[in-house]
Amino acid sequence: MLRAALLLLLVLFGPLAARAEDAPANPGWSLLSGSYDDLRHGVEELATSGAPNVATALDALMAGQLVVDGDSHLFIQADDGSLVDAITGAPVGGDAVDADTLRPIRVNNAVRRAIEAALGNLRLFSTDPAIRRAAADAVFKARDAAALPALDRAIAQEKDSSIRTALQQARAAAILAGNAPEADRLAAVATIAARGDIDARSVLASLGDQPATVATAAATALTSLDRIAQLWGVLQSVYYGVSLGSVLLLAAAGLAITFGVMGVINMAHGEMVMLGAYTTYVVQQFFRDHAPALFGLSLPIAVPLAFIVAGAVGIAIERGLIRFLYGRPLETLLATWGLSLILQQFVRTIFGPSNREVGTPDWMSGAFQLGGLTITWNRLIIILFAIVVLAALMAVLRFTALGLQMRAVTQNRRMAASMGIRTPWIDALTFGLGSGVAGIAGVALSQIDNVSPNLGQGYIIDSFMVVVFGGVGNLWGTVLGALTLGVVNKFLEPIAGAVLGKIAVLVLLILFIQRRPRGMFPLRGRAVES
Amino acid sequence: MTEDTASLLYLDGICVSFDGFKALNNLSLLLAPGEMRAVIGPNGAGKTTMMDVITGKTRPDEGRAIFGEATDLTKLDEPSIAALGIGRKFQKPTVFEPHTVRDNLLLALASDRRARFTMFARETSEEADRIAEILTTIRLVEQSARRAGDLSHGQKQWLEIGMLIAQDPALLLVDEPVAGMTDAETEQTAELLREINRTRAVVVVEHDMDFVRALGVKVTVLHEGSVLSEGSLDHVSNDPRVIEVYLGR
Amino acid sequence: MTRGATRVAYALIIGIAVLIAGLNLALPETSALHPSTFVMSLTGKYLSYAILALSVDLVWGFAGILSLGHAAFFALGGYAMGMYLMRQIGGRGVYGNAVLPDFMVFLNYKSLPWYWHGFDMGGFAILMAILVPGLIALIFGWLTFRSRVSGVYLSIITQALTYALLLAFFRNDMGFGGNNGLTDFKDMFGLKLQSDAVRAGLLVATAIILCLQLALAQFVVRSRFGKVLIAVRDTESRTRFLGYRPESYKLVVWVLSAMMAGIGGALYVPQVGIINPGEFAPGNSIEAVIWVAVGGRGTLIGPIIGAVIVNLGKTWFTAILPEYWLYALGALFVLVTIFLPNGILGLLRARRSGKAEARAVAP
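Keep in mind it's a predicted model, so treat the numbers as computed, not measured.

So, about the overall build of chain B. When its secondary structure is counted, chain B shows 11 helices and 10 strands. For 249 residues, the compact-globule estimate of 2.2 N^0.38 gives 18 Å, and the C-alpha radius of gyration of chain B, at 18 Å, lies within 12% of that figure. Considering only C-alpha atoms, chain B reaches an extent of 55 × 40 × 35 Å along its principal axes. When each of the 249 residues of chain B is scored for burial, the buried share is 55%. Intrachain contacts of chain B at a sequence separation of at least 6 include 66% that bridge at least 24 residues. Accessible surface, chain B as shown: approximately 10800 Å² in total, 48% of it carbon and sulfur. Looking at chain B, you have 27 positive and 39 negative side-chain charges, and the mean spots of the two groups are 3 Å apart.

And the structure:
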């Protein structure tokens with residue numbers, strides 16, 4: 001409250017005080033003038049003055065860190081309150097300044113634009129190419145005809161061709177802002193259109209008041225840019241769809257084993273996923289408590305642990321419950337649903353009903369641009385992870401003794417048994433494998449979804465849909481099913497909204513199952529009938 | 001073709017394949033009205049698939065199955081084919097286990113099959129008479145009030161045959177009717193089939209050669225999905241190709 | 001089920017309802033025998049659930065269709081009744097709008113959506129409580145049974161159906177009150193909904209309608225239609241070769257069952273005073289299935305017993321040990337499917353026939 005009142009006072013009387021003393025202490029630094037207009041001119045003058053430390057001071061002004069004391073000395077105040085003399089760059093002790101008289105210099109949008117342009121001009125001649133490049137972009141966005149002389153000089157002495165291109169684009173933007181002849185303007189439009197990004201688009205979109213030929217050229221360029229943007233938009237949707245598909249695939253891959261291969265309806269499958277997510281949570285807690293520096297390793301360690309935890313629970317379920325219900329799919333469905341309630345409540349009792357915080361390691365955070373696509377690391381890693389899990393699963397089924405016996409048992413149980421395969425043991429291991437894969441999925445899902453006892457519930461219907469849609473007993477079908485559902489969902493979302501999109505997908509699926517009751521890749525033959 | 005008009009069932013170049021495996025390969029077969037035919041062949045010869053095609057359970061990739069004048073069975077589904085008058089008895093006796101013997105026959109009796117009829121249908125005296133008649137034919141009068149599920153294996157086979165009679169079909173397809181029966185039951189079954197054959201055509205699929213001999217009818221030998229040989233049992237059992245693939249082991 | 005047992009069931013259901021309603025109205029509140037309004041509404045709620053259980057049993061017990069979405073039909077019937085009760089509030093809502101329910105005023109609706117018209121009439125609402133579930137069941141069933149989707153596949157897509165409806169009804173712009181659903185009811189047929197007399201009337205009406213539905217279900221399963229249906233349940237392909245069309249039999253019983261469930265929902269809503277999208281949750285449908293399993297699938301009276309017993313248990317647990325209710329319910333699912341496949345009635349029947357056999361063997 002007190003601070004607010006002080007600030008108000010400063011705003012009201014500060015400019016007067018500053019003007020009275022003017023600035024003999026700060027030659028050339030006319031940043032203390034009363035109006036924002038004067039301040040803007042001050043910034044422009046300062047930028048061309050060639051004085052040292054100007055860039056730093058302007059940065060500080062932009063960030064609201066440039067302060068002035070009662071004697072009109074300018075300082076830069078860091079976040080921790082320490083002061084630096086704005087003109088000399090020397091640190092200033094806390095005692096040298098009366099902290100109570102310090103006030104920030106306030107800026108408005110016009111001043112901000114001036115600062116941006118000024119900073120841009122200053123940095124065009126930096127020795128660091130990265131700064132020069134950034135400066136070129138800043139000038140481009142500023143669209144200031146006043147920057148032309150500086151740009152021309154910069155272009156003349158620039159060696160790096162890509163930076164020169166950026167400079168030329170900035171120059172084109174500046175030309176369009178001034179009163180250059182029409183031919184130059186048309187050339188400028190072409191240069192900007194060639195740049196083609198979102199900033200170029202906004203420059204082009206602002207050219208309605210230009211001479212007719214220029215405006216038309218801009219409009220044409222804009223249309224083609226929009227078309228390209230649309231294409232990127234479609235690609236982005238596809239990427240989101242693939243990303244969702246990979247999540248669905250992870251959730252459904254285990255189900256493709258237990259339901260698809262074994263024919264067991266496990267309604268507690270979602271809870272296996274949930275157990276995997278909670279395993280991740282426990283592992284992360286351990287790292288937080290004992291080895292925070294190694295936090296980045298928590299996920300790689302959680303993956304095998306989640307597999308073991310969910311797999312062990314799966315084997316226990318198969319031995320303790322499901323084996324009594326083989327050949328009675330509807331009863332299996334009900335019993336495993338009951339089990340899912342128990343597991344959920346169990347987790348709720350131990351960990352509480354609220355969401356648990358699962359962190360994202362540094363190597364999974366952030367995003368990068370790929371052409372017009374924004375790609376977040378965590379999604380990308382989940383996609384790659386899904387591919388790895390799937391490949392591993394297929395390898396297990398195809399190349400290991402366990403996989404061979406599994407396929408033998410599912411194809412002809414009695415024959416397999418009479419050849420000495422311990423079918424009950426294989427049943428348990430198969431179910432354990434499917435559950436373990438669900439647990440692994442839980443590790444991935446903990447990165448993008450709330451880790452709560454209800455986590456699994458949200459995926460069970462989707463997972464079944466994926467498996468049924470893809471065709472039971474066919475992992476490739478599951479892959480295609482997951483990707484199709486993911487992509488269709490993401491394309492429907494912008495049209496119908498997230499909820500309606502999901503409803504539409506469910507309805508489409510229901511309709512699809514009517515037409516192809518056995519999915520996209522049905523198994524054929526007499527064996528299926530029985 | 002003049003045979004068309006004289007035939008009850010004419011299978012014409014039927015092909016069925018499951019994932020590349022040809023279950024039926026250009027199978028052709030002609031059945032005269034009122035005929036009884038035995039179909040034999042080793043495992044996987046396509047006997048059951050042939051039945052599936054005739055009754056509409058499996059749709060062939062190629063070929064026609066003409067029933068009567070000009071009805072192509074391959075275009076119809078199971079209930080329509082049943083309504084045309086083709087009855088089928090499965091290899092494993094399939095009766096409605098929770099229902100009584102009597103109710104099993106009642107459900108099989110030829111009448112309106114639509115839900116709106118059966119919801120309000122009451123048993124007529126004609127139906128009662130017909131059921132009593134069939135119960136006598138299949139020797140299950142005593143068992144009429146018992147749950148079908150409680151019958152012996154042989155009794156279930158007879159009940160199923162009784163249900164076929166109740167359906168009053170023009171053509172009966174019978175899949176291995178005497179599998180698992182005692183000798184006495186087998187003999188009685190042969191007699192039963194001959195009796196049925198007096199009024200309608202019958203196709204019997206069977207492994208039991210004694211039973212086929214007892215029927216004393218024309219025999220068709222299937223092998224790898226097509227007809228290998230056809231004629232009297234003596235004729236086919238002397239056919240060198242038949243001996244090679246089936247009998248000569 | 002013997003006819004004697006059925007008569008006992010009718011007498012018990014109506015007797016208990018009339019007894020509770022009568023005691024509530026006749027005795028002063030101070031009396032120890034006075035059942036509270038809460039108990040009365042609770043009983044009415046159980047009987048509404050019993051209607052749902054009966055309808056689930058009709059399709060699961062007699063046609064082999066394990067519906068994991070029957071609560072959707074129940075909820076649709078409930079919403080139809082809820083819409084009527086909302087319209088009955090009239091100008092007494094918080095915003096005092098005589099036509100628009102409060103939530104519509106709140107969401108800036110300018111006029112009543114077209115599908116809300118007619119719901120100011122009780123008869124129309126009751127009709128819709130039957131027709132809307134019936135229509136949705138008809139469309140869904142026609143598509144599904146025709147393409148021979150059966151077994152667990154069918155179960156899973158019934159679950160998808162109720163899940164889709166759940167998502168839809170959560171949306172505010174569906175015009176059904178979104179998340180909060182419909183509540184704050186005041187009157188029914190011009191009478192105060194909160195009054196004991198109306199509550200008593202609702203309870204007795206629920207009991208009578210339950211008995212009527214039981215009688216209807218019995219007529220259906222005992223008819224030749226019912227016999228075909230049981231045949232379809234056990235050996236569907238055999239019925240096809242006999243010339244029956246299982247899909248149309250399933251469709252008829254499916255639609256009938258959905259309508260029965262809708263009526264149950266319509267009776268449920270005025271007695272609990274609220275209907276919200278939560279009623280569409282897949283878990284509710286599966287819970288209804290376990291009532292049937294507990295009581296005895298395919299017995300008609302069993303599901304009624306199961307619905308009452310399980311819900312008594314739920315009321316008791318959530319009052320005394322709320323933490324443990326889900327454990328108990330989960331264990332119930334597991335134990336019943338493994339040890340009690342024919343439910344309580346099946347157990348009783350087996351014991352009775354066991355005794356009968358023992359008697360027959362004894363000299």
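Once that is clear, we can look at the overall build of chain A. If you tally the helices and strands in chain A, you get 21 helices and 7 strands. Looking at chain A as a whole, 46% of its 530 residues are labelled buried. Look at the contacts in chain A between residues 6 or more apart in sequence, and 68% of them connect residues 24 or more apart. On chain A, roughly 24900 Å² of surface is accessible, and the fraction owed to carbon and sulfur atoms is 62%.

Turning our eyes to something else, we now look at the pattern of salt bridges. Residues and elements named next belong to chain B. Within this structure, the stated rule accounts for 33 salt bridges over all chains. One salt bridge connects Arg130 with Glu133, and the closest N-O pair in it is separated by 3.2 Å. Pair noted here: Arg130 and Glu133 are both in helix α6 (residues 125-137), with a separation of 3 residues, about one helical turn. Judged by its relative accessible area of 25%, Arg130 is partly exposed. Notably, a salt bridge pairs Glu230 with Lys218, separated by 4.0 Å at the nearest N-O pair. Of this pair, Glu230 sits in strand β10 (residues 226-231) while Lys218 sits in strand β9 (residues 218-223), placing them 12 residues apart in sequence.

For an interface, size is often stated in terms of accessible area lost upon the parts coming together. Contact with chain C, which involves 24 residues of that partner, is made by 35 residues of chain B. Buried surface at the junction of chain C and chain B, summed over both partners, amounts to about 2700 Å²; 63% is from carbon and sulfur atoms. On the chain C side of the interface with chain B, the three residues burying the most area are Arg224(C), Arg238(C) and Phe241(C), jointly 35% of the side's total. In this structure, Arg245(C) engages Asp77(B) in a salt bridge whose closest nitrogen and oxygen atoms are separated by 2.6 Å. The interface formed by chain C and chain B contains 15 residue pairs in polar contact (both at pLDDT 80 or more). Secondary-structure elements contributing two or more residues to the side of chain C that touches chain B are α7 (196-222), α8 (224-234), α9 (236-241) and α10 (246-272) of chain C. In terms of residue count, α8(C) provides more of the side of chain C that touches chain B than any other element does, 8 residues in total. For the side of chain C that touches chain B, the residue count by class is 11 nonpolar, 5 polar and 8 charged.

This part covers the sheet that holds strand β1 (residues 9-18) of chain B. All names here are of chain B. Ordered by their spatial adjacency, 4 strands build an open sheet running β2-β1-β4-β5, and the pairing between neighbours is antiparallel. Each end of this open sheet is capped by a strand with a single partner; those strands are β2 (21-31) and β5 (71-72). Where strand β4 (residues 62-67) meets β5, 2 bridges bridge the pair, whose relative direction is antiparallel. Across the sheet, the residue bridging to Phe67 is Thr71, located in β5. Contacting β1 and β2, helix α2 (residues 47-55) runs over the sheet at an angle of about 115° to β1.

On to the layout of surface pockets. Approximately 1200 Å³ is the volume attributed to the second largest pocket. Lining the second largest pocket are 47 residues, and of these Asp449(A), Gln457(A), Gly458(A), Tyr459(A) and Tyr163(C) lie nearest its centre. Among the elements that line the lining of the second largest pocket, the one with the most residues is helix α18 (residues 457-470) of chain A, at 7 residues. Its residues assigned to classes, the lining of the second largest pocket comprises 27 nonpolar, 12 polar and 8 charged.

The residue Tyr324(C) is located in the loop between α12 (301-320) and α13 (325-339) in this model. Measuring from C-alpha to C-alpha, the distance between Tyr324(C) and Cys211(C) comes to 33 Å, with 113 residues separating the pair along the chain.

Residue and element names in this part refer to chain A. The pairing of strand β1 (residues 66-68) with strand β2 (residues 74-77) spans 3 bridges and is classified as antiparallel. Considered in β2, the bridge of Val67 is made with Phe75. In this structure, β2 lies alongside strand β3 (residues 83-85), joined through 3 bridges in antiparallel fashion. Across the sheet, residue Phe75 finds its bridge partner in β3, namely Asp85. Taken together, β2 and the strand that follows it, β3, pair antiparallel across an intervening segment of 5 residues, in which Gly81 is found at a positive phi of about 95°.

One broad trend across soluble globular proteins is that nonpolar side chains are buried collectively. Judged by nonpolar contacts, the single largest core of 260 residues is most densely connected at Phe259(A), Met465(A), Leu159(B), Trp116(C), Leu182(C), Phe280(C) and Trp291(C). Top element by residues in this core is helix α2 (residues 37-63) of chain C. It accounts for 14 residues. Setting aside residues up to four positions removed in sequence, Trp291(C) forms contacts with Tyr49(C), Leu52(C), Ala53(C), Pro303(C), Gly306(C), Ala307(C), Val310(C) and Asn311(C). Listed in part, the 31 residues of the second largest apolar core include Ala150(A), Leu151(A), Ile155(A) and Ala218(A).

What follows is about the pairing of strand β6 (residues 367-370) of chain A. All names here are of chain A. When β6 meets strand β7 (residues 373-376), the two strands line up antiparallel, connected through 4 bridges. Residue pairing for β7: Gln369 is matched across the bridge by Thr374. With antiparallel pairing between neighbouring strands as the criterion, β6 and β7 make up a hairpin whose turn holds 2 residues, including Gly371 at a positive phi of roughly 60°.

Rules used throughout
What you see as residue numbers is a count from 1 along each chain, following the sequence as written. The naming scheme follows written order: chains are lettered A onward, ligands numbered 1 onward. The predicted origin of the model limits local features to residues at a pLDDT of at least 70 and limits the giving and counting of side-chain atom pairs to 80 or more, whereas totals for whole chains, interfaces and linings rest on all residues. Values shown for side chains rest on all heavy atoms present in the structure; no hydrogens or waters enter the calculation. Here a helix means four or more residues in a row that DSSP labels H or I, a strand means two or more in a row labelled E, and each is numbered from the N terminus. C-alpha atoms define the radius of gyration, and 2.2 Å times the number of residues to the power 0.38 defines the globule rule. Accessible area is worked out with a 1.4 Å probe on protein chains only. A residue is then buried under 20% of its type maximum, exposed over 50%, and partly exposed in between. The criterion used for residue contact is that any of the two residues' heavy atoms lie within 4.5 Å. Surface exposure here means Shrake-Rupley accessible area, sampled with a 1.4 Å probe, where a residue is shielded only by the protein chains that are shown. Charged residues are defined narrowly, with Lys and Arg counted positive, Asp and Glu counted negative, and His plus the chain ends left uncounted. By convention, the point assigned to a charge is CZ for Arg, NZ for Lys, CD for Glu and CG for Asp. Think of a salt bridge as a Lys or Arg side-chain nitrogen and an Asp or Glu carboxyl oxygen that are within 4 Å of each other. When two parts are put together, the accessible area they lose, computed with a 1.4 Å probe and summed over both, is reported as buried area. Distance and chemistry together define a polar contact, namely a pair of N or O atoms within 3.5 Å, with one atom able to donate a hydrogen and the other to accept it when in protein, and with adjacent residues in sequence counting only for side-chain atoms on both sides. Residues are grouped as follows: nonpolar covers Ala, Val, Leu, Ile, Met, Phe, Trp, Tyr, Cys and Pro; charged covers Asp, Glu, Lys and Arg; every other residue, Gly included, is treated as polar. DSSP bridges decide pairing: two strands pair if at least two such bridges lie between them. To get an axis, a line is fitted to the C-alpha atoms, and for a helix only the part in contact is used. The angle between two axes follows their N-to-C directions and goes from 0 to 180 degrees. Using a 1 Å grid laid over the protein atoms alone, points where a 1.4 Å probe fits but cannot get out form a cavity; open sets with protein on both sides within 12 Å along at least 5 of 7 lines form a pocket; any residue with an atom within 4 Å of a point counts as lining. Grid points are joined across faces, edges and corners, and a volume is the space filled by probe spheres set on the points. Note on terminology: a nonpolar core comprises buried Ala, Val, Leu, Ile, Met, Phe, Trp, Tyr and Cys residues joined through side-chain atoms within 4.5 Å.

Taken by themselves, the reported measurements are silent on function.
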